[in-house]
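Close look at the chain arrangement
Listed below, chain by chain, are the residues.
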Amino acid sequence: MPILVVALSGRALAAAARRAGAEVIVADLYGDTDTRALAPWHRLPGSLGHGIDSSAAAALARELPPMDGIVCGAGFEAAPNLLADLAQIAPLIGNTPETIAAVKDPFGFAATLRRLGLPHPAVAARPESNGAWLRKRVGGAGGTHIRRASDGDAAEPGSYYQAKAPGTPFAALFVADGHTARVIGCSVQWTDPTPEQPFRYGGCVGPIDLAPRRARWIDDACAAIAAAFGLVGLNSLDMLIEGDEIAILEVNPRPGATLDIHEDGPPRLWDLHCRGVSGDLPPARAIGTRQPRAATILYADRPREIPPGLEWAPSIADISAPGSRFAAGDPICTVLSAGPDLAGARAQGRQRAEAVLRRLPELLPKTA
């Protein structure tokens, strides 16, 4: 029986499962052409701005054929009740709803890190006047929900404040078995800011060749957090690194945005995820170094559309159907690239993204 992949965008997770030989069904918001080429597709009820419609999503899952399990990507961290409903339909291949709720509770997560002796920017229900603060949405993804705070702000329901910290954004993809963890690889992330969304996610490049002392610190941090929360399967640790200082921001308790750059099996990432969920970890040396790769999110610089008959390079993923239209700021596709080093991989991604934009016609305003 198939596995149901549910996420705001399910292509990368479905591709990882298919590479490992799994049969999948996908439910996401986009229904990109490469997603539909991988598996039968169903529209996930909801929207990027308002999130997933929990009751309709659960109803959709109940109408599907029998499944071996359900794996959730981005978009479910703020919906533990929906996860519990899905778990009644088929086994969740990943963390339990209770574990996800605990990890995404910003105040409980910060308290656990303090107990573990791991550095973490302060969190608060209201920004204090003695520093810079960011307002974040609980369970938010993609950086579009993050705003700079001002004195006197008060958190809206479902949001909180985190002290702004210096450093370069890093992420560690790790697999856990409920008791400990193994780091698969680390990546550098960057933003593609707009005035309204200054922390919008722009992409990632990796794996990073870290100094042994820093790599051991990250290994130990992932293992300690996995044990504290009982994490299983693939997860990612987001952090800021500034010189010798590391500040942990959050854990995404699911397969994350770096699947595209870390897949180089065997062992396949999907196999590692399933092994971790079942309580089995790979040996520490089973995951080797890889050529640097980047995944760049291409956003529309102005209103554009995909013309009929456009041919896409194999390095382009998350491809919308011909005739699709994009408002300025909408994500168009993911650009995959590789290079001899991190800078080269990222530069190639920028060049490919610019080439895609040049091939997409601009939508002109309609005249009366």
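The structure this text deals with has already been given above.
Below you will find a few notes about this structure. (Residues numbered from 1 in each chain as written. Predicted model: local features only at pLDDT ≥ 70, side-chain atom pairs only at ≥ 80, totals over all residues. Heavy atoms only, no water.)

With respect to topology, eight strands assemble into an open sheet ordered E15-E14-E11-E12-E13-E16-E20-E18, the strand pairing being antiparallel. With partners counted over all chains shown, the strands left at the sheet margins are strand E15 (245–252) and strand E18 (316–317), one partner each. Taken strand by strand, helix H9 (residues 269–277) contacts strand E11 (168–177), strand E12 (181–191) and strand E14 (232–242), and its axis lies near 105° from that of E14. (Pairing = 2+ DSSP bridges. Helix = DSSP H or I, 4+ residues; strand = E, 2+ residues; numbered from the N terminus. Contact = heavy atoms within 4.5 Å. Axes fitted to C-alpha atoms, helices over the stretch in contact; angles between N-to-C directions.)

All right, on to the side chain of Arg11 then. Topologically, Arg11 is positioned in helix H1 (residues 11–19). Among the polar contacts made by the side chain of Arg11, one reaches the side chain of Asp260 at a distance of 2.8 Å. Those residues in contact with Arg11 that sit more than four places away from it in its chain are Asp28, Asp34, Thr35, Leu38, Asp260, Ala317, Asp318 and Thr334. (Polar contact = N/O pair within 3.5 Å; in protein donor to acceptor, adjacent residues only side chain to side chain.)

Relative orientation of the contacting elements helix H6 (residues 106–116) and helix H7 (residues 212–229) amounts to 125°, with a least axis distance of 11 Å. Between H6 and H7, the angle is such that the two are oblique. Between H6 and H7 lies a crossing whose hand is right-handed. Side by side, H6 and H7 meet where Phe109, Thr112, Leu113, Arg115 and Leu116 of the first sit next to Ala224, Ile225, Ala228 and Phe229 of the second. Across the contact of H6 with H7, the residue classes break down as seven nonpolar, one polar and one charged. (Parallel < 35°, antiparallel > 145°, perpendicular 65-115°, else oblique. Left-handed = near helix turned anticlockwise from the far one by under 90°. Nonpolar A, V, L, I, M, F, W, Y, C, P; charged D, E, K, R; others polar.)

Right, let's get into helix H3 (residues 54–63). Residues of H3 that are buried: Ala57, Ala58, Leu60 and Ala61. The arc that holds every buried residue of H3, seen down its axis, measures 155°, which confines them to one face. With respect to the buried face of H3, the exposed residues turned more than 90 degrees away are Ser55, Arg62 and Glu63. Summarising the contacts, the buried residues of H3 are in contact with strand E1 (3–6), strand E2 (24–28), strand E3 (41–43), strand E5 (51–52) and helix H4 (80–89). (Buried < 20%, exposed > 50% of the residue type's maximum accessible area, 1.4 Å probe, protein only. Arc of directions from axis to C-beta.)

In this section: the pairing of E11. The side chains of a regular strand alternate between both faces of the sheet. With eight of its 10 residues buried, E11 lies for the most part within the structure. Where E11 meets E14, 10 bridges bridge the pair, whose relative direction is antiparallel. Paired with Ala172 across the bridge in E14 is Leu237. The pairing of E11 with E12 spans seven bridges and is antiparallel. Across the sheet, Ala171 pairs through a bridge with Ser187, a residue of E12.

Our focus in this paragraph is the sheet that holds strand E9 (residues 147–148). The four strands are arranged E7-E10-E8-E9 in an open sheet whose pairing can be described as antiparallel. Strand pairing shows two members of the sheet lacking a second neighbour, strand E7 (123–124) and E9, which therefore form its edges. Two elements, strand E8 (residues 133–137) and strand E10 (residues 159–163), share five bridges in a ladder whose sense is antiparallel. Looking at E10, one finds that Arg137 is bridged to Ser159.

Time to look at the packing of aromatic side chains. One pass over the full model with this rule turns up one aromatic pair. Sitting over the ring of Tyr299, Arg200 keeps its end group 3.6 Å from the ring centre. (Phe/Tyr/Trp six-rings, centres within 6.5 Å; stacked < 30°, edge-to-face > 60°. Lys NZ or Arg CZ within 6 Å of the ring centre and 35° of its normal.)

Before going further, it helps to examine the nonpolar core. Judged by nonpolar contacts, the single largest core of 30 residues is most densely connected at Phe174, Ile218, Ile225, Leu231, Leu237 and Ile248. Going through the elements one at a time, H6, E11, E12, H7, E14 and E15 are the ones with two or more residues in this core. At six residues, H7 tops the list of elements feeding residues into this core. For Leu231, the residues in contact, after removing those within four places along its chain, are Asn95, Thr99, Val103, Phe174, Ala176, Asp177, Gly178, Ile225, Ala226, Val251 and Pro253. In terms of nonpolar packing, the next biggest core, distinct from the first, is built from 24 residues, Cys72, Ala79, Leu82 and Ile100 among them. (Core = buried A, V, L, I, M, F, W, Y, C linked by side-chain atoms within 4.5 Å.)

Shape is all these values report; function is a separate question.
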